[in-house]
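A closer look at the structure
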Number of protein chains: 2
Amino acid sequence: MDYTFDNVRVVMVNTTEPGNIGAAARAMKNMSLSYLYLVNPKGYPSAIATARASGADDVLSNAVVCESLKEALQGVYLVIGASARQRNIKWRQMDVVGACSEIQKTIMAESQKVAVIFGTERTGLTNEELDLCQILMTIPGNSHYFSLNVASAIQVFAYQNYVYNTTIEFKKSTNKLANFDELENFYAHLAQVLEYIEYFEDKRPKALLMRRLRRFFTRAMPEKEEVAIFRGIFRNIKPFKKL
Amino acid sequence: MDYTFDNVRVVMVNTTEPGNIGAAARAMKNMSLSYLYLVNPKGYPSAIATARASGADDVLSNAVVCESLKEALQGVYLVIGASARQRNIKWRQMDVVGACSEIQKTIMAESQKVAVIFGTERTGLTNEELDLCQILMTIPGNSHYFSLNVASAIQVFAYQNYVYNTTIEFKKSTNKLANFDELENFYAHLAQVLEYIEYFEDKRPKALLMRRLRRFFTRAMPEKEEVAIFRGIFRNIKPFKKL
């Protein structure tokens, strides 16, 4: 699995704010990406970048600084350019999920490396930079305001790429559910109690109300212990109406 | 559609860095979310928050500052707590996609509002805060280093929620593909040229090589104009080998 992530490199081109480089390193490491390439970063290295990287300073200190985008793309089999907006149809365009699918396919074949490139803060990638890309990845978003911070764009890509290549397992409850007999006994007890407190009446017919209550309890999928708690409560109901 | 987004509120609890509030506003607006609630924000309002909000200062200036989490949750039908890690199984846990699915279901029923809450920077949500949540949303990520910035966590959620509720349409090429006749004429012309330059030989048998070339061109799905470009090239090949 780490094999997948280690074949993806993130390339930041002409980044002007060192803080964004640090934030990008942190975004990457959180999503198991380690290989950061920096093409002509402005004011880098920088204490601001290191501060924003938080615990991801290893990604930052291993970052490769390049003088040209071509240098950063050496040995790469698939180049994907990130773009805030749709461009001319001459590029093959897809959303982030589509790009992650292409990355996965490319990496499957004999550890072929992939680069995802992100342009400068104000204007993104130039057409000349996009000419080096096989795929243009568009991050979906608000069409009336789309001004994603470059580290946020990297975060979105890194998250989607992580999710695309992993499955998350949640610890399941090991508590035993109440079985059929226990539930039927519970409903019988419940009906007895409701009769006892004189809840049912013409306006609240027993059959209808019991069906609604069954519907409610069924949806909650009661556990054995929970049924026992309810039955304990029932046993404590005092015949207050009769007193 | 905006209806969907307008019923989701993002709640930041005890945020200590005003910059993160600004970054969160920007992350939200990029993904069509507008309703930000701030419970006891430290050092807010702040010029740093406004700077980081970039063009999303409307989200920031409309943000509701509350003195307690309960106040921020008034009128809400579903409360989701964001967590970096899995917690005790007593909470219903799911990933971001799962949470977005629950949000969509809740919102569909008569504009019921939903809150997604994010805890303080260092330690996230407390157990007492999580007790107010019906669902615990875990953002998937690197198990060896998971230290997502709170604004990055909001970015990931906002992106996933946007993508979950929208479809993106890419402009399709309107260029006409080459049809069967044009392609067959092209292959015939190609074979003629290859014979003319004496490319085929025992080691490079015509049938095999033409099949591989067909496979390649088929994959690229040539357009009419592209086939015309190739045939123009063929017509210009000089019999240099014969000279």
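What counts, and where the lines are drawn
- Chains are numbered independently. Their residues run from 1 in the order of the written sequence.
- For naming, the first written chain is A and the first written ligand is 1, with later ones following in the order written.
- Reporting in this predicted model follows two pLDDT cut-offs: at least 70 for local features of residues, and 80 or more for side-chain atom pairs to be given and counted; totals over whole chains, interfaces and linings ignore these cut-offs and use all residues.
- Hydrogens and water are ignored here; the side-chain numbers use all heavy atoms of the structure.
- Secondary structure elements are defined from DSSP: runs of H or I of at least 4 residues count as helices, runs of E of at least 2 residues count as strands, and each element is numbered from the N terminus.
- Multiplying one less than the number of residues by 1.5 Å gives the expected span of a helix.
- Using a 1.4 Å probe on the protein chains alone, a residue whose accessible area is under 20% of its type maximum counts as buried, one over 50% counts as exposed, and one in between counts as partly exposed.
- Read the arc as the range of directions from the helix axis to the C-beta atoms.
- Fitting of the copies onto one another was done by least squares over C-alpha atoms, counting residues only where both copies have pLDDT of at least 70.
- Two strands form a pair only when DSSP identifies at least two bridges running between them.
- A fitted line through C-alpha atoms serves as each axis, taken over the contacting stretch for helices, and the angle formed by two N-to-C directions is quoted from 0 to 180°.
- Note on contacts: a residue pair qualifies if any of its non-hydrogen atoms lie within 4.5 Å across the two residues.
- For the domain bounds, the source is a domain assignment made automatically or taken from a database.
- Simply put, the buried area is the total loss of 1.4 Å probe accessible area from both parts when two parts are fitted together.
- Within this document, salt bridges are pairs made up of a side-chain nitrogen of Lys or Arg and a carboxyl oxygen of Asp or Glu, the two lying within 4 Å of each other.
- For the purposes of these results, a polar contact is taken to be a pair of N or O atoms within 3.5 Å, where, inside protein, one atom must be able to donate a hydrogen and its partner to accept one; residues adjacent in sequence count only when each atom of the pair is a side-chain atom.
- Exposure above 30% relative accessible area and the absence of a salt bridge qualify a residue for a patch, where like charges join within 9 Å and nonpolar side chains (Val, Leu, Ile, Met, Phe, Trp, Tyr) within 5 Å.
- Shrake-Rupley sampling with a 1.4 Å probe provides the accessible areas, and residues are treated as covered by the protein chains on show and by no other component.
- The criterion is simple. A nonpolar core is a set of buried Ala, Val, Leu, Ile, Met, Phe, Trp, Tyr and Cys residues joined through side-chain atoms within 4.5 Å.
- Pairing of aromatic side chains requires ring centres within 6.5 Å, counting the rings of Phe and Tyr and the six-membered ring of Trp. Pairs whose planes differ by under 30 degrees are stacked, by over 60 edge-to-face, and all others tilted.

Let us look at helix α10 (residues 206-220) of chain A. All names here are of chain A. The end-to-end C-alpha distance of α10 is 21 Å, a good match for the 21 Å that 15 residues give at a rise of 1.5 Å each. Buried residues of α10: Leu 209, Met 210 and Phe 217, and no others. All buried residues of α10 project into a common sector of 100° when viewed along the axis, lining one side. In α10, the exposed positions that point more than 90 degrees away from the buried face belong to Ala 207, Arg 211, Arg 212, Arg 215, Thr 218 and Arg 219. Positive phi shows up at Met 221, right after α10, with a value of about 45°.

Of note, the amide linkage connecting A:Tyr44 to A:Pro45 takes the cis form, showing an omega dihedral of 0°. Inspection of the secondary structure assignment puts A:Pro45 in the loop between β2 (35-39) and α3 (47-53). Non-glycine residue B:Ser54 carries a positive phi angle of around 55°. One can find B:Ser54 in the loop between α3 (47-53) and α4 (57-61). Take B:Ser54: its relative accessible area is 34%, and that puts it in the partly exposed class. Although it is not a glycine, B:Met221 sits at a positive phi angle of roughly 45°.

Expressed as a screw operation, the relation of chain B to chain A combines 0.1 Å of axial shift with a rotation of 180°, fitting to an RMSD of 0.1 Å. Accordingly, the operation relating the two chain copies is best matched by a two-fold axis. Among all residues of chain B, the one whose C-alpha sits closest to the rotation axis is B:Val156, at a distance of 3.0 Å.

Here the focus is the sheet that holds strand β5 (residues 92-94) of chain B. Residue and element names in this part refer to chain B. If you walk across this open sheet you meet the seven strands as β3-β2-β1-β6-β4-β7-β5, and the pairing is parallel. Every interior strand has two partners, whereas the edge strands, β3 (64-66) and β5, have only one. Neighbour-to-neighbour, the strand axes of the sheet open up by a mean angle of 25°, direction not taken into account. In the sheet, strand β4 (residues 76-83) pairs with strand β7 (residues 135-138) via four bridges, with the strands oriented parallel. Of the residues in β7, the one forming a bridge with Gly 81 is Leu 136. Relative to strand β2 (residues 35-39), helix α2 (residues 18-30) is tilted by about 160°, and along the sheet it contacts β1 (8-13) and β2. Lying on the sheet, helix α6 (residues 96-108) is in contact with β1, β4, β5, β6 (113-118) and β7; it crosses β4 at an angle near 170°.

Attention now goes to the domain arrangement of chain A. How large an interface is tends to be reported as the accessible area lost when its parts come together. Here chain A is partitioned into domain 1 (2-165) and domain 2 (180-235). The gap between the C-alpha centroids of domain 1 of chain A and domain 2 of chain A is 57 Å.

Okay, the interface of chain B and chain A next. Taken together, the contacts link 42 residues of chain B with 42 residues of chain A. Both faces combined, the contact of chain B with chain A buries some 3,500 Å², and carbon together with sulfur accounts for 58% of it. Of all residues in chain B, B:Tyr145, B:Tyr159 and B:Phe170 give up the largest surface area on contact with chain A, accounting jointly for 19% of the area buried on that side. If you look at where chain B meets chain A, you find zero salt bridges. Scanning the region where chain B abuts chain A turns up 17 residue pairs in polar contact (both at pLDDT 80 or more).

A cluster of nonpolar side chains, A:Ile229, A:Phe230 and A:Ile233, forms an exposed patch at the surface whose accessible area comes to about 280 Å². Tracing the backbone shows A:Ile233 in helix α11 (residues 224-235).

All names here are of chain A. The element strand β4 (residues 76-83) is largely enclosed, with a buried count of seven among its eight residues. By the bridge criterion, five bridges tie β4 to strand β6 (residues 113-118) in an arrangement that is parallel. Its bridge partner being in β6, Ile 80 is matched across the sheet by Val 116.

Here we take up the nonpolar core. Counting 90 residues, the largest nonpolar core has A:Leu36, A:Phe118, A:Phe157, B:Leu36, B:Phe118 and B:Phe157 as the members making the most contacts within it. Once you skip the residues sitting within four places of it in the chain, B:Phe118 turns out to touch B:Val10, B:Val11, B:Met12, B:Val13, B:Ala82, B:Leu125, B:Met137, B:Val150, B:Ala153, B:Ile154 and B:Phe157.

This part takes up the packing of aromatic side chains. Taken as a whole, this structure holds 21 aromatic pairs over all chains when the rule is applied. For the pair A:Phe186 and A:Tyr187, a centre-to-centre distance of 5.4 Å together with 55° between the ring planes defines the contact as tilted. An angle of 55° between the planes, with centres 5.8 Å apart, marks the rings of B:Phe186 and B:Phe230 as tilted. Taken together, the residues span a long stretch of sequence, with B:Phe186 in helix α9 (residues 180-196) and B:Phe230 in helix α11 (residues 224-235) at a distance of 44 residues.

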